Amino acid sequence: MIQGRNRQTIEIKQPTGPVRAEAEGGAENRSAKPDPRRRVRRIGALALAAAALLLVAAGCGAGKSGGATPGSASPTSASPGGAKADGPKLPSVLRYGFIGANKLNLPRGAEGWGLYKGIIQEALAPYGVTKVELTAFPNGPDQSEALISGRLDFGSLGDTPAILARSSGAKTRLISQNQIDMLSYLIAKKNGPTSIQDLKGKTIAVQKGSYMHRYLVGLLNKEGVTGYKLVHMLSADGEAALARGDVDAMTNSGVNALKLIGEGYPLLDDTTKHPELYGTSVTVATEAFLAQYPDFPKLWNEARLKVLEELKKHPDEYYAFLAEVLNTTPDIAKQVYPIESIEEQPFRDKGLKLLDDTKQFLIEEKIATKNFELKDWQLTY
């Protein structure tokens with residue numbers, strides 16, 4: 001069963017004149033910092049969610065970028081739906097999935113910031129896009145299921161679940177790598193294991209099918225540890241089990257990992273010691289969607305690059321946004337996901353090497369069912 005926890009629709013208002021640069025400065029142009037909830041109300045987002053969850057819709061037209069939108073059309077040259085009459089066409093509604101439910105229901109990174117500030121919406125409006133539907137998932141396998149079933153057009157997730165889905169026959173194409181140095185942490189329970197070797201015969205919680213799963217198995221194989229038992233748990237469940245002592249160790253990432261370490265849980269290892277086991281974040285789209293809209297990858301990544309250029313001009317504002325997404329402080333947000341970790345280009349040789357190594361590992365460990373050529377999955381444009 002797909003566990004998409006949060007969903008919202010961001011509507012895109014067609015520009016009626018030149019984009020104003022006044023909002024670009026954020027706090028620089030106003031004495032008081034804008035209230036994010038006020039920005040949320042201004043975009044008029046609609047939140048759709050499971051009955052037990054309260055969502056805060058996000059995205060704002062007030063923080064649009066200062067320059068002209070790439071490929072933008074004047075009102076006289078655009079069709080009634082907003083798309084340029086003689087240019088590339090995109091659907092009126094884009095369905096995008098990402099990992100990690102949060103109160104803003106937005107992804108982190110350039111994608112989240114671009115949707116929050118309205119830069120992505122503005123860049124895609126000239127091609128006919130009027131809405132972006134966002135759905136958050138607790139893990140990659142659930143998101144892959146939504147892609148396979150046709151509930152999503154594209155999504156961003158960890159490399160391991162994306163590879164596993166492709167290996168099992170999912171008709172997806174790789175359109176970018178968003179980050180190529182995703183950290184995993186191996187954390188033990190208090191008064192428990194003190195080294196990797198101590199994990200022989202022990203129970204370890206891990207989010208199976210994630211990049212943390214690949215890191216853990218690769219690490220234990222490398223260290224010659226055997227006889228361990230892996231139990232599939234999402235991070236929140238793993239943390240509770242670790243606190244109770246039901247598991248001897250767990251993998252974790254980001255703010256949650258730093259919180260556990262700060263509370264005195266022993267850190268046994270992390271991927272900074274094994275850079276060959278770094279995870280990467282990828283964006284994939286369905287083949288059916290790309291067959292209808294072949295220009296989408298290029299237009300999406302052009303919009304994303306524009307976002308990154310704007311983001312670098314306002315790092316403090318970005319880290320404040322990221323802190324809301326991660327439910328932490330701007331300082332910790334900066335420590336966990338620095339701007340420097342956001343990839344500027346769709347692909348780099350270093351990232352593709354990590355991706356191919358991950359694929360080969362999953363094949364060798366018989367975690368992935370069928371091998372495939374990375375070049376046949378990667379979409380070049």
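Okay, so let's go over this structure. (Residues numbered from 1 in each chain as written. Predicted model: local features only at pLDDT ≥ 70, side-chain atom pairs only at ≥ 80, totals over all residues. Heavy atoms only, no water.)

Looking at the overall build of the chain
Now for step 1: When you go through the chain residue by residue, the secondary structure sums to 14 helices and 12 strands.
Now for step 2: Split into buried and exposed, the 381 residues of the chain put 54% on the buried side.
Now for step 3: Pairs at least 24 residues apart make up 81% of the contacts formed inside the chain by residues separated by at least 6 positions.
Now for step 4: In the form shown here, the chain has an accessible surface area of approximately 16,700 Å², with 51% of it arising from carbon and sulfur atoms. (Helix = DSSP H or I, 4+ residues; strand = E, 2+ residues; numbered from the N terminus. Buried < 20%, exposed > 50% of the residue type's maximum accessible area, 1.4 Å probe, protein only. Contact = heavy atoms within 4.5 Å. Areas by Shrake-Rupley, 256 points an atom, 1.4 Å probe, with all protein chains shown as cover.)

Points about the pattern of salt bridges
Now for step 1: With the rule as written, the count across this model stands at 15 salt bridges.
Now for step 2: Its salt-bridge partner being Lys313, residue Glu310 comes within 3.4 Å of it at the nearest N-O pair. Of this pair, Glu310 and Lys313 are both found in helix α10 (residues 296-313), three residues apart, which corresponds to roughly one turn of the helix.
Now for step 3: Glu310 sits in the buried class, given a relative accessible area of 8%.
Now for step 4: Classification of Lys313 by relative accessible area gives partly exposed; the value is 48%. (Salt bridge = Lys/Arg side-chain N within 4 Å of Asp/Glu carboxyl O.)

Some words on the sheet that holds strand β10 (residues 249-252)
Now for step 1: With respect to topology, five strands assemble into an open sheet ordered β9-β8-β10-β7-β11, the strand pairing being mixed. Single-partner strands in this sheet number two, and they are β9 (229-232) and β11 (267-270). Each strand of the sheet is rotated relative to its neighbour by a mean of 25 degrees, with strand direction disregarded.
Now for step 2: The pairing of strand β8 (residues 203-206) with β9 spans four bridges and is parallel. Bridge assignment links Thr203 to a residue of β9, and that residue is Lys229.
Now for step 3: Contacting β7 (185-188), β8, β9, β10 and β11, helix α6 (residues 211-222) crosses the sheet at an angle of about 150 degrees to β8.
Now for step 4: Sheet strands touched by helix α8 (residues 254-262): β7, β10 and β11. Its angle to β7, the strand with the most contacts, is close to 35 degrees. (Pairing = 2+ DSSP bridges. Axes fitted to C-alpha atoms, helices over the stretch in contact; angles between N-to-C directions.)

Details of the packing of aromatic side chains
Now for step 1: Taken as a whole, this structure holds 14 aromatic pairs when the rule is applied.
Now for step 2: Judged by centre distance (4.6 Å) and plane angle (20 degrees), the rings of Tyr96 and Phe154 are stacked. Within this pair, whereas Tyr96 is found in strand β3 (residues 93-99), its partner Phe154 is found in strand β5 (residues 154-158), the two being separated by 58 residues in sequence. For the residue pair Tyr96 and Phe154, the accessibility class agrees, reading buried in each case.
Now for step 3: Measuring from ring centre to ring centre gives 6.2 Å for Tyr318 and Phe321, while their planes differ by 40 degrees; the resulting arrangement is tilted. Here the residue Tyr318 and the residue Phe321 both occupy positions in helix α11 (residues 315-326), the gap between them amounting to three residues, near one helical turn. Each member of the pair Tyr318 and Phe321 is classed as buried.
Now for step 4: Counting every residue linked through ring pairs, the aromatic cluster contains Tyr96, Phe154, Phe289, Tyr293, Phe296 and Trp300.
Now for step 5: The positively charged end of Arg166 is found above the aromatic ring belonging to Phe372, 6.0 Å away from the centroid. (Phe/Tyr/Trp six-rings, centres within 6.5 Å; stacked < 30°, edge-to-face > 60°. Lys NZ or Arg CZ within 6 Å of the ring centre and 35° of its normal.)

With respect to the side chain of Lys117
Now for step 1: Tracing the backbone shows Lys117 in helix α2 (residues 109-117).
Now for step 2: Here Glu317 takes part through its side chain, which lies 2.8 Å from a polar atom of the side chain of Lys117. (Polar contact = N/O pair within 3.5 Å; in protein donor to acceptor, adjacent residues only side chain to side chain.)

Comments concerning the environment of Pro141
Now for step 1: Looking at the element boundaries, Pro141 is found in helix α4 (residues 140-149).
Now for step 2: Once the C-alpha coordinates of Pro141 and Leu157 are considered, the two residues, 16 residues apart in sequence, prove to be 9.2 Å apart.
Now for step 3: Among residues more than four places away in sequence, those in contact with Pro141 are Pro161, Lys208 and Gly209.

Details of the packing of α2 against α10
Now for step 1: Contact geometry of α2 with α10 gives a least axis separation of 9 Å together with a crossing angle of 85 degrees. Put simply, α2 runs roughly perpendicular to α10. Here α2 contributes Ala110, Glu111, Trp113 and Gly114 to the contact with α10, which in turn contributes Trp300, Arg304, Val307 and Leu311.
Now for step 2: Broken down by class, the residue content of the contact of α2 with α10 amounts to five nonpolar, one polar and two charged. (Parallel < 35°, antiparallel > 145°, perpendicular 65-115°, else oblique. Nonpolar A, V, L, I, M, F, W, Y, C, P; charged D, E, K, R; others polar.)

Taken by themselves, the reported measurements are silent on function.
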